[in-house]
Amino acid sequence: MENDILFFIDIKNNIYITWQKLLNDINSTNSVQNYIHYNSFYDIFLQVIKSYLFNNNVILINSELKEFENKSIIDKIKISSTKTKLSFNFSSKDEFLHYISNYKSKGSITLLTSGSTGLPKIVTHYFDSLNRFVKTGKKYTHDIWGLAYHPAHIAGLQVFLQAFFNGNLIVRLFGLEISQIKELILKYNINRISATPTFYRLLVDKNLYFENVKSITSGGEKIDNELKDSLKNIFKNAKFINVYASTEAGSLFASDDEWFYIPEHVKDYVKIVNNQIFIHKTYIGFIENNSDNEWYSTGDVIEWENSEKKRFKIVGRINDIIKVGGYKVNLQEIEEAINQIKTVKICKVYNKKNSVLGNIICSDIVVKENCLLNEKEVRNFLRDKLQEYKIPRLIRFVENIETTYTGKLTRK
């Protein structure tokens, strides 16, 4: 019975939504909003579904952005309302899923890019282009998804669509304490998780083992092999998938390690110039102020595996490469080195302007529970890994590190 079948769990707000509740809310709909701007994840999901059914053009605004950011974004967006008049009377989950799986929406959804610095850019996708990433079938019907992204971000939206079209239970993990996340994975037998390396790094615990998880997907940031190996120890039955994706184009490449290649089906839409990834405009959503450019710069920098240039890895963002005393420095390279210290749980490396050097490198470090670490030990460790000019001048030990609403490290 739909009365008992759960659709969404959000313990942060004590919300437990059944499929019957969802159907009742859909059946009672006679209008759709053009702006989705809620704190409630369920309300976001409901409005996305309604927009899909009503062929609506909708703007998904992240409620966690500051007021001035939202106003700046909304003032830029011009959106036309639709006149679709539909009503529904779905009586069961199966009836609804059959209908939605055969329905071709003409609506669109406007999202915001997730960069770690600066104001977001505006990107619009048609629902049918978003659905090209959804996989459906009997083998997906028993999945239980851990939602580790905000649903106003493309990764969160794609997790939602994947779960929704297969009738899966979605359990919110985003924004919870690590102890709560671990408890929820075990309690609800979550078997699929998609998250950033930052999320996984905080989750790693050598004394923990999640037997039921069969798939973990990492995306949004560069992942290093040490973290990947740690994940294999706690998710021993899980397939590891490293995804390269963007708000502008969705998922592009996938791999079981840190190395990627350009697959055949996107080779005409992706090119690498001066070690930067570019995507052809025909493969991405509409981007504000980019319609006249044939190729869109993702801002991601790569390194080739060898001279044959068949496989590459992401080494950072162009914005994360700075100059210190005339030298080019990749902040992500320094983070990766610090994270190799066994007592470090997570760190963030960033820069501050300096009149002499141009920039000085700083690092915030969170130490693992019941472990000790001091500044001298960090510097001594890094001297064996990095050139002297890459070693942070300012090192702080902190209790936690702020992340963006997409789950990434913020360098603001």
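Since the structure is predicted, the reported quantities are computational estimates derived from the model, not experimental observations.

**Brief notes about the overall build of the chain**
(1) Moving on: Helix and strand counts for the chain stand at 11 helices and 22 strands.
(2) Moving on: Accessible surface, the chain: about 20300 Å² in total, of which carbon and sulfur atoms supply 46%.

**Things to note about unusual backbone geometry**
(1) Moving on: Positioned with a positive phi, Asn-55 is a non-glycine residue whose angle comes to about 55 degrees.
(2) Moving on: With respect to the helices, strands and loops of the structure, Asn-55 is situated in the loop between helix 2 (41–53) and strand 4 (57–60).
(3) Moving on: Accessibility expressed as a relative area gives 15% for Asn-55, which makes it buried.
(4) Moving on: Notably, Asn-189 is not glycine yet its phi reads approximately 55 degrees, a positive angle.
(5) Moving on: Within the secondary structure, Asn-189 sits in the loop between helix 7 (178–187) and strand 9 (192–195).
(6) Moving on: Assessed through its relative accessible area of 38%, Asn-189 is described here as partly exposed.

**Some thoughts on the environment of Glu-258**
(1) Moving on: Mapping Glu-258 onto the fold places it in the loop between strand 12 (250–255) and strand 13 (270–273).
(2) Moving on: Excluding anything up to four places from it in sequence, Glu-258 contacts Lys-222, Ile-223, Asn-225, Asn-242, Phe-312 and Lys-313.
(3) Moving on: Within polar-contact distance, the side chain of Glu-258 engages the side chain of Asn-225 at 3.0 Å.

**Considerations on the nonpolar core**
(1) Moving on: Ranked by internal contacts, the top residues of the largest apolar core, which has 44 residues, are Phe-7, Leu-22, Ile-26, Phe-96, Ile-109, Phe-160 and Phe-164.
(2) Moving on: Per element, the largest residue contribution to this core is nine residues, and it comes from helix 2.
(3) Moving on: Sequence-distant contacts of Ile-26, that is, excluding residues within four places in its chain, are made with Leu-46, Ile-49, Leu-53, Phe-88, Phe-90 and Phe-96.
(4) Moving on: Listed in part, the 28 residues of the second largest apolar core include Val-171, Leu-173, Leu-176 and Phe-199.

**Brief notes about helix 1 (residues 19–27)**
(1) Moving on: Taken together, the buried positions of helix 1 are occupied by Trp-19, Gln-20, Leu-22, Leu-23, Asp-25 and Ile-26.
(2) Moving on: Packing partners of the buried residues in helix 1 comprise strand 1 (6–10), strand 2 (15–18), helix 2, helix 4 (93–101) and helix 6 (154–165).

**With respect to the pattern of salt bridges**
(1) Moving on: This model, assessed by the stated rule, comprises 15 salt bridges.
(2) Moving on: In this structure, Lys-222 and Glu-336 form a salt bridge, with 2.7 Å as the shortest nitrogen-oxygen distance. One end of the pair, Lys-222, is in the loop between strand 10 (215–218) and helix 9 (225–234); the other, Glu-336, is in helix 10 (residues 331–338), and 114 residues separate them in sequence.
(3) Moving on: One salt bridge connects Arg-379 with Glu-375, and the closest N-O pair in it is separated by 2.5 Å. With Arg-379 and Glu-375 both in helix 11 (residues 375–383) and four residues apart, the pair spans about one turn of that helix.
(4) Moving on: Several salt bridges share partner residues, and in doing so they unite Asp-143, Arg-192 and Lys-214 into one network.

**A word on the side chain of Ser-194**
(1) Moving on: You can see Ser-194 is positioned in strand 9.
(2) Moving on: Overall, the relative accessible area of 11% leaves Ser-194 in the buried class.

**Observations concerning the sheet that holds strand 21 (residues 358–367)**
Hydrogen bonds between backbone groups are what pair the strands of a sheet, and the pairing can be parallel or antiparallel.
(1) Moving on: Reading across from one edge, 20-21-22 is the order of the three strands in this open sheet, with mixed pairing throughout. Looking at strand neighbours, the two that pair on one side only are strand 20 (344–354) and strand 22 (394–397), the edges of this open sheet. In this sheet, adjacent strand axes meet at a mean angle of 20 degrees when their direction is disregarded.
(2) Moving on: Both strand 21 and strand 22 contribute to a ladder of four bridges, which runs parallel. Looking at the pairing, Cys-362 lines up with Leu-394 of strand 22.

**With respect to the sheet that holds strand 17 (residues 312–317)**
(1) Moving on: One open sheet holds the four strands; their spatial order is 13-14-16-17, and the pairing between them is antiparallel. Strands with a single pairing partner mark the edges of an open sheet, and in this sheet they are strand 13 and strand 17. Here the strands of the sheet are splayed against their neighbours by 45 degrees on average, with no regard to which way each runs.
(2) Moving on: Looking at chain direction, strand 16 (residues 295–304) and strand 17 are connected through five bridges and run antiparallel. Paired with Val-301 across the strands is Gly-316, a residue of strand 17.

**Examining the packing of helix 1 against helix 2**
(1) Moving on: For the pair helix 1 and helix 2, interaxial distance at closest approach is 11 Å and the crossing angle is 50 degrees. In terms of their interaxial angle, helix 1 and helix 2 are classed as oblique. Crossing of helix 1 over helix 2 shows right-handed handedness. Here Lys-21, Leu-22, Asp-25 and Ile-26 of helix 1 come into contact with helix 2, specifically with Tyr-42, Leu-46, Ile-49, Lys-50 and Leu-53.
(2) Moving on: Classifying every residue of the contact of helix 1 with helix 2 gives six nonpolar, no polar and three charged.

**Comments concerning the packing of aromatic side chains**
The way to describe two aromatic rings as a pair is by their centre distance and the angle between their planes.
(1) Moving on: Per the counting criterion, the structure on display carries 30 aromatic pairs.
(2) Moving on: With a centroid separation of 5.2 Å and 15 degrees between ring planes, the pair formed by Tyr-244 and Phe-253 is classed as stacked.
(3) Moving on: Accessibility expressed as a relative area gives 3% for Phe-253, which makes it buried.
(4) Moving on: Positioned over the ring face of Tyr-283 is Arg-132, at 4.5 Å from the centre of the ring.

**So, the pairing of strand 9**
(1) Moving on: Side chains of strand 9 alternate between two faces, with Arg-192 and Ser-194 and Ile-193 and Ala-195 buried alike.
(2) Moving on: Pairing of strand 7 (residues 144–147) with strand 9, which is carried by three bridges, proceeds in the parallel orientation. Residue pairing for strand 9: Leu-147 is matched across the bridge by Ser-194.
(3) Moving on: In the sheet, strand 9 pairs with strand 10 via four bridges, with the strands oriented parallel. Opposite Ala-195, over in strand 10, you have Ser-218 as the bridge partner.
(4) Moving on: Regarding topology, helix 8 (residues 197–203) serves as the crossover connection from strand 9 to the parallel strand 10, and that connection is right-handed.

Definitions and limits used
Residues numbered from 1 in each chain as written. Predicted model: local features only at pLDDT ≥ 70, side-chain atom pairs only at ≥ 80, totals over all residues. Heavy atoms only, no water. Helix = DSSP H or I, 4+ residues; strand = E, 2+ residues; numbered from the N terminus. Areas by Shrake-Rupley, 256 points an atom, 1.4 Å probe, with all protein chains shown as cover. Buried < 20%, exposed > 50% of the residue type's maximum accessible area, 1.4 Å probe, protein only. Contact = heavy atoms within 4.5 Å. Polar contact = N/O pair within 3.5 Å; in protein donor to acceptor, adjacent residues only side chain to side chain. Core = buried A, V, L, I, M, F, W, Y, C linked by side-chain atoms within 4.5 Å. Salt bridge = Lys/Arg side-chain N within 4 Å of Asp/Glu carboxyl O. Pairing = 2+ DSSP bridges. Axes fitted to C-alpha atoms, helices over the stretch in contact; angles between N-to-C directions. Parallel < 35°, antiparallel > 145°, perpendicular 65-115°, else oblique. Left-handed = near helix turned anticlockwise from the far one by under 90°. Nonpolar A, V, L, I, M, F, W, Y, C, P; charged D, E, K, R; others polar. Phe/Tyr/Trp six-rings, centres within 6.5 Å; stacked < 30°, edge-to-face > 60°. Lys NZ or Arg CZ within 6 Å of the ring centre and 35° of its normal. Right-handed = clockwise from strand over helix to strand, strands pointing away.

Honestly, that's just the spatial picture; any functional story needs more than this.
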